[in-house]
Structure formats: structure tokens, C-alpha cells
Amino acid sequence: AQSVTQPDARVTVSEGASLQLRCKYSYFGTPYLFWYVQYPRQGLQLLLKYYPGDPVVQGVNGFEAEFSKSNSSFHLRKASVHWSDWAVYFCAVNSANSGTYQRFGTGTKLQVVP
Amino acid sequence: NAGVIQTPRHKVTGKGQEATLWCEPISGHSAVFWYRQTIVQGLEFLTYFRNQAPIDDSGMPKERFSAQMPNQSHSTLKIQSTQPQDSAVYLCASSLASSAETLYFGSGTRLTVL
């Protein structure tokens, strides 16, 4: 069955430092992968998505992610974190089969310190 | 574009009472999803409609939960005989046509069962 694992429940980084949030997926076939962000008291918003093609995907606000089939990973990166990036980040997996639904990881809470 | 609208934002019910949650998807979107979010379980899929027809309700607790989409402009999630373990944030999302695309989430309804 398809699933995603976000091994880090919480990550703390200094403002201006680089960031990597980890996502490992389990899927038989070619997955569609997503990163969403949730700010306090809000719903989730899309940061970026991967459909089969270029393994490096650019998203909003300087975020990017790299798909690796060999590592079953889709890690999120940002070169320089801003205090406004403080939020919870979710990885999700789905397929081209429109009858399935997006499965979400448990989320990683990002804290940004001065 | 007002985005996905969920009402009410907060609902408090007594144990055994009924709760009805409302969702208005983005105009023109034909796919509607319901998820439940808790600290312990994270984001759990509940049910999925496409063109108002139920596609997958595999995540719905069978006995007390039901969902409907009587027209393309709204969906409801009804919980009968609410229990304290039903306390959660219920998120509605819509997408243009299927679950393989970006999900647009509402801000959620926080249900508290006393």
C-alpha cells in the first residue's frame, strides 16, 4: 500500500540557515508526490508537487524538492529559512489513478530561531 | 476566489449529540475530499466525491459517520451520537478533477465533544 513517512516530528533551524525536511514514500509504481504547508489555524496549502519528469521541483517561497526513486525519497529543501517559514510541513503521495486519494505523512513542525 | 469555505469554524457538542459540518468547494472544482486531523493520528482520509458521486468512503467510521454532496456547491459531513474520540479538526478540500491534482483545503472545523 502507498504511504509516506516523515521521520522528524520537529526540526529547529536558525533564521538564514539552510533546511532539509525528509520524506520517504512507499509506492509500487510511479508516484505523484506533494509537499503542503500548514500555518497556525489554517488549512494546508501546496508548496510544490512532483509528476513524473524532472526530479528537482521548484515551489513557492524558495522551496524545492528532489525525487529519488532509488532512495524512495522526496526531501524538501530551502537555502535560507525565514522566520515566516515557521509552520507544519506535510508530505503526501498519490498516483495517476483518479480513484485513489492522497495519503499524508504525520508532518514535521519547523521552528525558526533567531 | 474565496477558496474552500467550511462552517462552522468551531463546534462544541455534548456526548451523544449530532454534529453537521458544511463545506463549500471552490467553484468549478468537481472533486471534494474530507479528512480528519488529530495530534495522534495526523491527517486521516475519510471520504471522496467526484461530480457529486461517492468514489471512496473507506476512511469513514461506518456506524455514525455519513457524508453527502447533494449539489456541486456543497458537501456535508454528519456525525451521529458524537463521542469524545470524535474531537478533531475536520478538513474539507477540493480539486479541479481528481485526487492526483493539487488539493485546496479549507480552514477546517474544530469539533469538540464534551
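Refer to the structure above for everything that follows.
Residues numbered from 1 in each chain as written. Chains lettered and ligands numbered in written order. Predicted model: local features only at pLDDT ≥ 70, side-chain atom pairs only at ≥ 80, totals over all residues. Heavy atoms only, no water.

J.: What am I meant to see in the interface of chain A and chain B here?
T.: For an interface, size is often stated in terms of accessible area lost upon the parts coming together. Taken residue by residue, the interface counts 22 residues in chain A and 20 residues in chain B. Here chain A packs against chain B, burying approximately 1600 Å² in sum over the two surfaces, 53% of which is carbon and sulfur. On the surface where chain A and chain B come into contact, there are zero salt bridges. Seen at the junction of chain A and chain B, the total is ten residue pairs in polar contact (both at pLDDT 80 or more). Among the elements of the structure, strand S5 (32-38), strand S6 (44-50) and strand S10 (87-94) of chain A are those that each provide at least two residues to the side of chain A that touches chain B. The element contributing the most residues to the side of chain A that touches chain B is S5(A), with four residues. (Contact = heavy atoms within 4.5 Å. Buried area = accessible area lost by both parts, 1.4 Å probe. Salt bridge = Lys/Arg side-chain N within 4 Å of Asp/Glu carboxyl O. Polar contact = N/O pair within 3.5 Å; in protein donor to acceptor, adjacent residues only side chain to side chain. Helix = DSSP H or I, 4+ residues; strand = E, 2+ residues; numbered from the N terminus.)

J.: Looking at this model, I keep getting lost on the state of the cysteines. Mind explaining?
T.: Any covalent bond linking the sulfur atoms of two cysteines counts as a disulfide. All names here are of chain B. Per the stated rule, a full pass over the model turns up two disulfides over all chains. Two residues share a disulfide in this structure: cysteine 23 and cysteine 92, whose sulfurs sit 1.9 Å from each other. One quick way to see it: the torsion about the S-S bond of cysteine 23 and cysteine 92 is about -65 degrees, and its sign makes the bridge left-handed. On the criterion of sequence distance, the pair formed by cysteine 23 in strand S3 (residues 19-24) and cysteine 92 in strand S9 (residues 88-95) is long-range, its members being 69 residues apart. Cysteine 92 gets classed as buried once you look at its relative accessible area, which sits at 0%. (Disulfide = S-S within 2.5 Å. Buried < 20%, exposed > 50% of the residue type's maximum accessible area, 1.4 Å probe, protein only.)

J.: How do you make sense of the pattern of salt bridges when you look at a structure like this?
T.: Applying the stated rule across the entire model yields seven salt bridges over all chains. Between A:Glu66 and A:Arg77 there is a salt bridge whose closest N-O contact spans 3.0 Å. Pair noted here: A:Glu66 is in strand S8 (residues 63-68) and A:Arg77 is in strand S9 (residues 73-78), with a separation of eleven residues, a long-range link. With relative accessibility at 33%, the residue A:Glu66 sits in the partly exposed group. With a relative accessible area of 25%, A:Arg77 lands in the partly exposed category. Note that B:Lys62 is salt-bridged to B:Asp57, the shortest N-O span being 3.5 Å. Judged by relative accessible area, B:Lys62 falls into the exposed class, the value being 59%. Taking the relative accessible area as the measure of exposure, B:Asp57 reaches 42% and is therefore partly exposed. If you follow the salt bridges from partner to partner, you end up with A:Glu64, A:Glu66 and A:Arg77 in one network.

J.: Any chance you could explain the sheet that holds strand S1 (residues 5-7) of chain B here in plain terms?
T.: Strand pairs in the sheet, formed through backbone hydrogen bonds, run parallel or antiparallel to each other. All names here are of chain B. Strand order in this open sheet of four strands is S1-S3-S8-S7, and the pairing throughout is antiparallel. The sheet terminates laterally at S1 and strand S7 (65-71), the two strands that pair on one side only. Here the average twist between neighbouring strands, direction ignored, is 20 degrees. As paired elements, S3 and strand S8 (residues 74-79) share five bridges and run antiparallel to each other. By the bridge assignment for S8, tryptophan 22 is matched with threonine 76. (Pairing = 2+ DSSP bridges. Axes fitted to C-alpha atoms, helices over the stretch in contact; angles between N-to-C directions.)

J.: How should I be thinking about the packing of aromatic side chains in this particular structure?
T.: Each pair of aromatic rings is reported with the distance of its centres and the angle of its planes. The final tally for this structure, using the stated rule, is 15 aromatic pairs over all chains. On the basis of an interplanar angle of 15 degrees and a centroid distance of 4.3 Å, the ring pair of A:Tyr50 and A:Phe67 is categorised as stacked. Of this pair, A:Tyr50 sits in strand S6 while A:Phe67 is found in strand S8, placing the two residues 17 residues apart along the sequence. When its relative accessible area of 12% is taken as the criterion, A:Phe67 is described as buried. Note on B:Tyr35 and B:Phe105: the rings are 6.0 Å apart at their centroids and 50 degrees apart in plane angle, and the pair reads as tilted. With a gap of 70 residues between them, B:Tyr35 in strand S4 (residues 31-38) and B:Phe105 in strand S10 (residues 104-105) connect regions that are remote in the sequence. B:Phe105 carries the same exposure label as B:Tyr35, and that label is buried. (Phe/Tyr/Trp six-rings, centres within 6.5 Å; stacked < 30°, edge-to-face > 60°.)

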